[in-house]
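Remarks on the overall topology
So the chains spell out like this:
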Amino acid sequence: MRKLRKVLEYTEFAEAESELRVWVDARAWTTGEGPKALFDAAVGWLRERRVLLPGVTTLARLVASVREVSNQRLWDSLYGLLSTGQRALLDSLLTVPPGARVSELDRLRRGPVRISGPQMKWALERAAEIDAFGMGELDVSGIPPRRLAELSRYGVDGKASLLRRHGDSRRLATLLATAVYLTSRAVDDALDLLEVLLARAERETAKQKLKTLPRMERAGIRLATAFRVVFDTTSEQVDTESGEISPPEVATLTAMWERIEEVVPREELAAAIAALFELAPPIDLDADEAWRTTLVTRFPTVRPFLALLVQVVDFGATPEGLPVLKASKVLPDLMGRKKVGPDEIDTSLLVGSWRRLVLSAPHLEPGTVDWKAYVFCVLESFHRMLRRREVFAKNSSKWGAPRAKLLDGEAWEQDRPTVLAS
């Protein structure tokens, strides 16, 4: 065996054991993989470096002990971030308040289940309540995000009774990771619901258009049939073979109507014209005015949560999204007022049919604007900028700034050795 090791240039396990422990520790700390995955990875590491494999039990014990030390370090690191008051606050989440059926943790980890304005208000109040714990302000940047997410999943899915059985460090570390996760998750839930609410009016308008389509088709066919008769009977006829021109088939209006009524009765033609005027928008309207007008009628849906939105969620913006963000923060001051002047709004946001709906609505007094229409104008722009991340929520994971989680500078230099070692 010694001769084979020398000829094949293999290394004894004892000579590489300390280096392997460092590598397994770095991998366990950054990835949180289970014992089987770490064992397989350790075997691959040994083979790659031409190290003689130890017995299965020896390697399994090494992986288990290193993983346990890594997990304990994770729990102790998070536990050490908490003050005495914060530890008591987190432990209180596992209790069931008098008269309640579930623990506070169970209550807070349940997101919105309906699509409505009151539900949106509740979602924002839930986000504000979780944010008030202050756990999102703790500096957990020294903890690998994957390990934090792993702990939070256990806290979100696990039963409160099971969490109570763990030791102090593991229990409070799990609750802290869960609270940090719920701080951003609650904002995500609220903004997801906001997107659905703003998109609903457009979808419902499209459904209404589909319902009116058969009536418009029938009316259009009747008009087309009548006007074909008009053109055929009142225009000169040209023989395509001889080129001979014949006079119109009818010479009087009465005769033309007689021909029309042979194919479409006059009453049906009048009804078709009335239907088209009723169902078709005016010629000078843009394609979005119909659903935007419908949107304005839904102001009671957004009234309950509009002020909370900019208070609870910490928004940021790129230079392109900054005007929209500024306008959204002013909206609560405009709500409920009888008169709002054009100088109090950002008219640069009034694009397309919004300019007509905000500035030139028929019911407006001179020198005033329709602030309800302006609210939805800003919300539509806000929604568009939010989807493009020109406006983003700083305390959100899904709706946050795409580059916010990239390590750079000192943070990267600090984590770089462990990341590369793993």
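In the block above lies the structure referred to throughout.
An account of the accompanying structure is given in this report. (Residues numbered from 1 in each chain as written. Predicted model: local features only at pLDDT ≥ 70, side-chain atom pairs only at ≥ 80, totals over all residues. Heavy atoms only, no water.)

**Section: the overall build of the protein**
Counting its regular elements, the protein contains 19 helices and four strands. Relative to the globule expectation of 22 Å for 422 residues, the C-alpha radius of gyration of the protein, 35 Å, shows a markedly less compact shape. Overall size of the protein, expressed as C-alpha extent along the three principal axes, is 120 × 65 × 45 Å. Relative to its full complement of 422 residues, the protein shows a buried share of 39%. As displayed, the protein has an accessible area near 24300 Å², and 55% of this comes from carbon and sulfur atoms. Between the mean site of the 61 positive side-chain charges and the mean site of the 59 negative ones, the protein shows a separation of 10 Å. (Helix = DSSP H or I, 4+ residues; strand = E, 2+ residues; numbered from the N terminus. Rg over C-alpha atoms; globule rule 2.2 N^0.38 Å. Buried < 20%, exposed > 50% of the residue type's maximum accessible area, 1.4 Å probe, protein only. Areas by Shrake-Rupley, 256 points an atom, 1.4 Å probe, with all protein chains shown as cover. Lys, Arg positive; Asp, Glu negative; His and termini not counted. Charge placed at Lys NZ, Arg CZ, Asp CG, Glu CD.)

**As for the packing of aromatic side chains**
Taken as a whole and judged by the stated rule, the model has two aromatic pairs. With a centroid separation of 5.0 Å and an interplanar angle of 90°, the aromatic rings of phenylalanine 315 and phenylalanine 382 are classed as edge-to-face. Note that phenylalanine 315 is positioned in strand β3 (residues 315–317) and phenylalanine 382 in helix α18 (residues 371–387), a separation of 67 residues in sequence. Judged on exposure class, the residue phenylalanine 315 and its partner phenylalanine 382 are both buried. Note that arginine 87 overlies the ring of tyrosine 79, its terminal NZ or CZ placed 4.0 Å from the centroid. Its guanidinium or amino end placed over the ring of tryptophan 257, arginine 266 lies 4.0 Å from that ring's centre, counting from NZ or CZ. (Phe/Tyr/Trp six-rings, centres within 6.5 Å; stacked < 30°, edge-to-face > 60°. Lys NZ or Arg CZ within 6 Å of the ring centre and 35° of its normal.)

**Here's the deal with the nonpolar core**
For soluble globular proteins, nonpolar side chains are generally found buried alongside one another. Phe315 and Tyr374 are the most contacted members of the largest nonpolar core, which has 77 residues in total. Every residue in contact with phenylalanine 315, bar those within four places of it in the chain, is listed here: Leu191, Leu309, Leu325, Phe382, Leu386, Val391, Phe392, Ala393 and Lys394. (Core = buried A, V, L, I, M, F, W, Y, C linked by side-chain atoms within 4.5 Å. Contact = heavy atoms within 4.5 Å.)

**Concerning helix α2 (residues 13–31)**
Helix geometry: α2 is bent most strongly at glutamate 19, by close to 35°. Among the residues making up α2, those that are buried are Phe13, Ala16, Leu20, Trp23, Val24, Ala26, Arg27, Ala28, Trp29, Thr30 and Thr31. Those residues of α2 that are buried lie in contact with α3 (35–48), α4 (56–80), α8 (145–157) and α19 (409–421). Glycine 32 sits one or two positions beyond α2 and adopts a positive phi of about 70°. (Bend = angle between axes of the 7 residues up to and from the residue.)

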